Protein chains: 2
Amino acid sequence: MSRQPPKKALFAQFAAVARALGSEHRLDLLEHVAQGEQSVELLAQRTGIPFASVSQHLQALRKSGLVAARRDGRRVLYRIADDGVIRLLGALRQVAERQVAEVERIVDGYFRDRDSLEPVSKKELAARVKDGLVTMLDVRPEDEFASGHVPGAVNVPLAQLRKRLTELPKRQEIIAYCRGPWCVLAFEAVALLRKQGRKARRLDGGLPEWRIAGLPVETSASADGKRLERQ
Amino acid sequence: MSRQPPKKALFAQFAAVARALGSEHRLDLLEHVAQGEQSVELLAQRTGIPFASVSQHLQALRKSGLVAARRDGRRVLYRIADDGVIRLLGALRQVAERQVAEVERIVDGYFRDRDSLEPVSKKELAARVKDGLVTMLDVRPEDEFASGHVPGAVNVPLAQLRKRLTELPKRQEIIAYCRGPWCVLAFEAVALLRKQGRKARRLDGGLPEWRIAGLPVETSASADGKRLERQ
DNA sequence: TTGACATTCAATTATTCAATTGAATATTAT
DNA sequence: ATAATATTCAATTGAATAATTGAATGTCAA
C-alpha cells in the first residue's frame, strides 16, 4: 500500500473520495449532514433511508474523509468534515449542472423561471435582513429550521406556505432558501409566491453555503425540537 | 426518468458525475486529457492502459459530461469539457489531501520537504520568466511537452535530469512543473535539484492550471512529434 | 445488573462495474 | 472497391458494491 508507485497510490485515494460521492443516497445524506451535526436515527428519519443503511453509508463517507463523527451519550453525531467538502459539492454541482443537459431540463421543466441567481451577495443580504429591508424565508421542515437557520429568517415549511401567506410581508421582497443549491423546496416556494403576486427570489445556496461564507447561524433552543434537545 | 421526483433525478445526475471520477484509470486519463486534446491511441500509449479500455473509459467520461470529443480524420480527439472540470478535480484533490491521512503520508514519505506551495502567483511568475529572472523546467516526456507547455520553459524529462544538469542555469531559481498538482515528477525533480545545490521550487499545478488561469500556452510545431502532426 | 435504546456488524442476495478479447464500424489512402 | 488504421461495440468473466435482515455491541437509566 505504502511502497507502491506514489502516483497510483494518490489516484487511489482521490478515486476513493469520488466513489464515496457516487451514490444518490450518500449525496442525500451529505446534504442533510451539511445542515448541522445529526444522529444516525434523525438522518434516517429525514431521508427516509433505513437506519442500518444510513449507518453504513455514513461509515463509507467517514472512511473517505467527507464526514466526521463523535459520540454523544448513546448516539453518534455526524458532521461535515470541513468546509472543503461543501466546496467540493459545489464544484460537482457546477460541473453537473453546466454539462449534463439532463439537469437543465429537469430544473427548467419543473420551475419555469430559473430566477435571478445570487444577484446580491450573501454578506449584503445579511445586512439587509438585519435592517428589515427584506425577509428571509426558510421553507425547510420545522425541526431542521430549529437546528440552525439564517438569523432573522421566518420558517414556513413549503407544505404550509399557501395557508400561511398572511404571515409574510406583502410588499417587501422575500428571499427563499432551503438546504442548498440543489434543494427544490425553495424553487417551488418562489414559484408559488410569484403566482400570488409577491416579490420573491431564491437564495442560490442554503445553510451550509451561508455558513462557510462566514456568516452567523441562529438556532432555536426549542421549536418542535423534541428530538433535538441534546444539540 | 423525467417525471420522477426532481430531487432524486438531480442527485442521480450528480452521482453519475462523481461515479465517473471514481476510478483510478479514469482519473489518470483525465489528467492526461487535461494536458491538451488527444487521440485514444495516444492516451493509451501514455497511460499504458489497453486501447479498448481507454475507449470505454473515455465514453464513460463523456457520458457524464467531463470530457468532450470531436472527430478529426480517422481519429477521435478528446478534450476536457470545460474549465469547471479542472476546478472540480482541484476541489477533489483538496478534500482528499486535507482529509485522507494516507495521502499526506504518501507525499511526505516520498518527498522530504513538501516545499513552498505557490509562494508566487502564476501571473507574476509568467512575467519573471519573460524577464529571464527564473527558469521554468518542464519535466514531462518530450512529446507531451511538444503538444503544449509554459512559454519559455525548458524541457528536460525527469529521467534525463541528472545527466543534463548543465543545461540549467547555475544560480537562477528553477521552477519545476509537470502535469498537475498530483504529478510526482516535479516533486522528484525538485528533490534532485536541491540535492545538487540548486535553488529549486515546484509549481503547485501543471499545464491545465496554468491554462485556466488565463495564461498563454506555447506549442512546438515539431519536437519528436511524429505522432502529433495533426495537432 | 437488567432493560431499553442507538448504532454497528455480519451474512445474504442482487446488482452494477471493470477488464479482456475479438469482431464490427468508419475514415483515409491506394 | 480494397486495404489499412483508429475507434467503438459486444460478450464474457470476475470483482466490487448495495440493500436487507437479524444479531451483537455499547451506553444510559432504573
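Residues numbered from 1 in each chain as written. Chains lettered and ligands numbered in written order. Predicted model: local features only at pLDDT ≥ 70, side-chain atom pairs only at ≥ 80, totals over all residues. Heavy atoms only, no water.

## Side note on the sheet that holds strand 6 (residues 173-177) of chain A
Backbone-to-backbone hydrogen bonds join strands into a sheet, with any given pair of strands oriented parallel or antiparallel. All names here are of chain A. Short version of the rule: Note on pairing: DSSP must find at least two bridges between two strands before they are called paired. Where helices and strands are cited, they refer to DSSP runs of H or I of at least four residues and of E of at least two residues respectively, numbered from the N terminus. Any two residues whose heavy atoms approach within 4.5 Å are treated as being in contact. Lines are fitted to the C-alpha atoms to define the axes, a helix being fitted only along its stretch in contact, and any angle between axes, read from their N-to-C directions, falls within 0 to 180 degrees.
Taken together, the four strands give an open sheet; going across it, the order is 5-4-6-7, and neighbouring strands pair in parallel fashion. Because the sheet does not close on itself, it has two edges, and the strands there are strand 5 (154-155) and strand 7 (200-202). Of the pairings in the sheet, the one linking strand 4 (residues 134-138) to strand 5 comprises two bridges and is parallel in character. Each residue of the ladder has a partner; that of L137, found in strand 5, is V154. Each of strand 4 and strand 6 is contacted by helix 7 (residues 122-130), which is oriented at about 105° to strand 4, the strand it contacts most.

## As for the domain arrangement of chain A
Residues and elements named next belong to chain A. Cut-off, in case you're wondering: Residue ranges for the domains trace back to a domain assignment, done automatically or taken from a database. Defined in terms of a 1.4 Å probe, buried area is the accessible area two parts forfeit on being brought together, summed over both. Throughout this description, the term salt bridge denotes a Lys or Arg side-chain nitrogen within 4 Å of a carboxyl oxygen of Asp or Glu. Any N or O atom pair separated by 3.5 Å or less is treated as a polar contact, with the protein-specific requirement of one donor-capable and one acceptor-capable atom, and with residues adjacent in sequence counted only for side-chain atom pairs. The nonpolar class holds Ala, Val, Leu, Ile, Met, Phe, Trp, Tyr, Cys and Pro. Asp, Glu, Lys and Arg form the charged class, and all remaining residues, Gly among them, are polar.
Split into domains, chain A comes out as domain 1 (6-85) and domain 2 (115-230). Relative to domain 2, the C-alpha centre of domain 1 lies at a distance of 25 Å. On the domain 2 side, the residues contacting the twelve residues of domain 1 number 16 residues. Of all residues in domain 1, the largest losses of buried area upon contact with domain 2 belong to E31, Q35 and R46, amounting jointly to 46% of the total for that side. Here domain 1 is connected to domain 2 by one salt bridge. Where D143 meets R46, a salt bridge forms, and the shortest distance between an N and an O atom there is 3.0 Å. Viewed at the interface, domain 2 and domain 1 are joined by six residue pairs in polar contact (both at pLDDT 80 or more). Elements with a minimum of two residues in the side of domain 1 that touches domain 2: helix 2 (24-33) and helix 3 (40-47). Classifying every residue of the side of domain 1 that touches domain 2 by side-chain character gives three nonpolar, four polar and five charged.

## Examining the packing of aromatic side chains
The following threshold applies: Side-chain rings of Phe, Tyr and Trp (the six-membered ring for Trp) are treated as a pair once their centres are within 6.5 Å; stacked means planes under 30 degrees apart, edge-to-face means over 60, and tilted covers the remaining angles. Whether a charge lies above a ring is judged from NZ of Lys or CZ of Arg, which has to be within 6 Å of the ring centre and within 35 degrees of the ring normal.
Across all of its chains, the model carries zero aromatic pairs over all chains by this definition. The lysine or arginine in question, A:R202, covers the ring of A:F187, its NZ or CZ lying 4.0 Å from the ring centre.

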